[in-house]
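Read off the chains here:
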Amino acid sequence: MSRRKTPAAPAPRCTVTVCRGCCCGTPKVPGVDHAAQLATLKAQLGPLAHIRAVNCLDACEQANVIVVQPSPAGRAAGGRPVWLGLVNDPDATGDIVAWVRAGGPGLAEPPQILDLYEFGPSRRVRRGLED
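Residues numbered from 1 in each chain as written. Predicted model: local features only at pLDDT ≥ 70, side-chain atom pairs only at ≥ 80, totals over all residues. Heavy atoms only, no water.

Chemist: Sorry, what's going on with the overall build of the protein here?
Modeler: When helices and strands are counted, the protein shows four helices and five strands. Overall, the protein shows an N-to-C arrangement of helices and strands of β-α-β-β-α-β-α-β-α. The buried share of the protein, reckoned over its 131 residues, is 42%. Across the protein, contacts joining residues at least 24 apart in sequence account for 70% of those joining residues at least 6 apart. Total accessible area computed for the protein in this model is approximately 7800 Å², and 53% of it derives from carbon and sulfur atoms. (Helix = DSSP H or I, 4+ residues; strand = E, 2+ residues; numbered from the N terminus. Buried < 20%, exposed > 50% of the residue type's maximum accessible area, 1.4 Å probe, protein only. Contact = heavy atoms within 4.5 Å. Areas by Shrake-Rupley, 256 points an atom, 1.4 Å probe, with all protein chains shown as cover.)

Chemist: I keep staring at unusual backbone geometry and nothing clicks. Help me out?
Modeler: With the exception of glycine, most residues fall at negative phi, and the peptide bonds are largely trans. A cis amide bond links Ala 63 to the next residue, Asn 64, at an omega of 0°. With respect to the helices and strands, the residue Asn 64 is situated in the loop between strand S2 (49-54) and strand S3 (66-69). Of note, the phi angle at Asp 58 is positive, near 60°, even though the residue is not glycine. Position of Asp 58 relative to the elements: it lies in the loop between S2 and S3. Of note in the backbone geometry, Leu 86 takes a positive phi value of approximately 60° without being a glycine.

Chemist: Please explain the environment of Ile 51 as it appears in this structure.
Modeler: Mapped onto the fold, Ile 51 is located in strand S2. For the pair Ile 51 and Leu 38, spaced 13 residues apart in sequence, the C-alpha to C-alpha distance is 8.6 Å. Setting aside its immediate chain neighbours within four residues, Ile 51 contacts Val 16, Leu 38, Leu 41, Lys 42 and Leu 45.

Chemist: Even after reading the chapter, I still don't get the nonpolar core, so can you show me in this structure?
Modeler: Nonpolar side chains tend toward joint burial in soluble globular proteins. By size, the foremost hydrophobic cluster in this structure holds 21 residues, and its most contacted members are Val 16, Leu 41, Leu 45, Ile 66, Leu 84, Ile 96 and Val 100. Sorting the residues of this core by element identifies strand S1 (14-19), helix H1 (34-45), S2, S3, strand S4 (82-84) and helix H3 (90-102) as the ones contributing at least two each. Looking at this core, the element that brings in the most residues is H3, giving five residues. Counting residues in hydrophobic clusters, the runner-up holds 12 residues, among them Cys 24, Ala 63, Val 65 and Phe 119. (Core = buried A, V, L, I, M, F, W, Y, C linked by side-chain atoms within 4.5 Å.)

Chemist: What should I look at first to understand the pairing of S1 in this one?
Modeler: Successive side chains on a regular strand alternate, one facing one side of the sheet and the next facing the other. Counted residue by residue, S1 has six buried out of six residues, so it is predominantly covered. Residues Cys 14, Val 16 and Val 18 of S1 are buried on one face, and the alternating residues Thr 15, Thr 17 and Cys 19, pointing to the opposite face, are buried as well. Of the strand pairs in this sheet, S1 and S2 are connected by six bridges, and their pairing is parallel. In the sheet register, Val 16 faces S2, and the bridge partner there is Ile 51. With H1 bridging S1 and the parallel S2, this β-α-β connection has right-handed handedness. The pairing of S1 with S3 spans four bridges and is antiparallel. By the bridge assignment, Thr 15 is partnered in S3 with Gln 69. (Pairing = 2+ DSSP bridges. Right-handed = clockwise from strand over helix to strand, strands pointing away.)

Chemist: Just checking my understanding: could you explain the side chain of Gln 37 for this structure?
Modeler: Structurally, Gln 37 can be placed in helix H1. For Gln 37, a relative accessible area of 6% corresponds to the buried category. A polar contact is formed between the side chain of Gln 37 and the side chain of Arg 20, at a distance of 2.5 Å. In this view, Gln 37 contacts Arg 20, Asn 64, Ile 66, Val 87 and Thr 93; residues no more than four positions away in its chain are not counted. (Polar contact = N/O pair within 3.5 Å; in protein donor to acceptor, adjacent residues only side chain to side chain.)

In C-alpha cells:
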C-alpha cells in the first residue's frame, strides 16, 4: 500500500495592493507606464505575494499608491501595512519587489529609498483597505 503525500499548502504571503482608480494608474499621472508597473509586480511577485489592483484607495494626492501588507509571519513579528505614494518610477517599483522578495513588513527592512515614498493615510482610508 503506497501512501500519497498531500501537497504542502503554500506559505501565507504578503499582499501588495495597487491603486488603479480615478487618479492612480490613469493619464492624470503622466509619463508613467501604469500597465507595465502592474505587470512587473505581477510577474516578479506573483508566486511570492498576492497582487491586487483596487479601484481607489482615496489618497489621490499621492498617486500612484501601493500598499504592502505583511504576511501573517510578518504581522506576528510586528509588521504593519506600509503605504507608499508617488510610486511613479520603475526603480521604486523594483525596490518594492526586492523588499517583498526579502519578506516584506516585519520580516525585512525596506530599502532606505522607500522612506521617501512612505506616507500615513487617514484612519478612514486605512479601515477601508482592511475591510
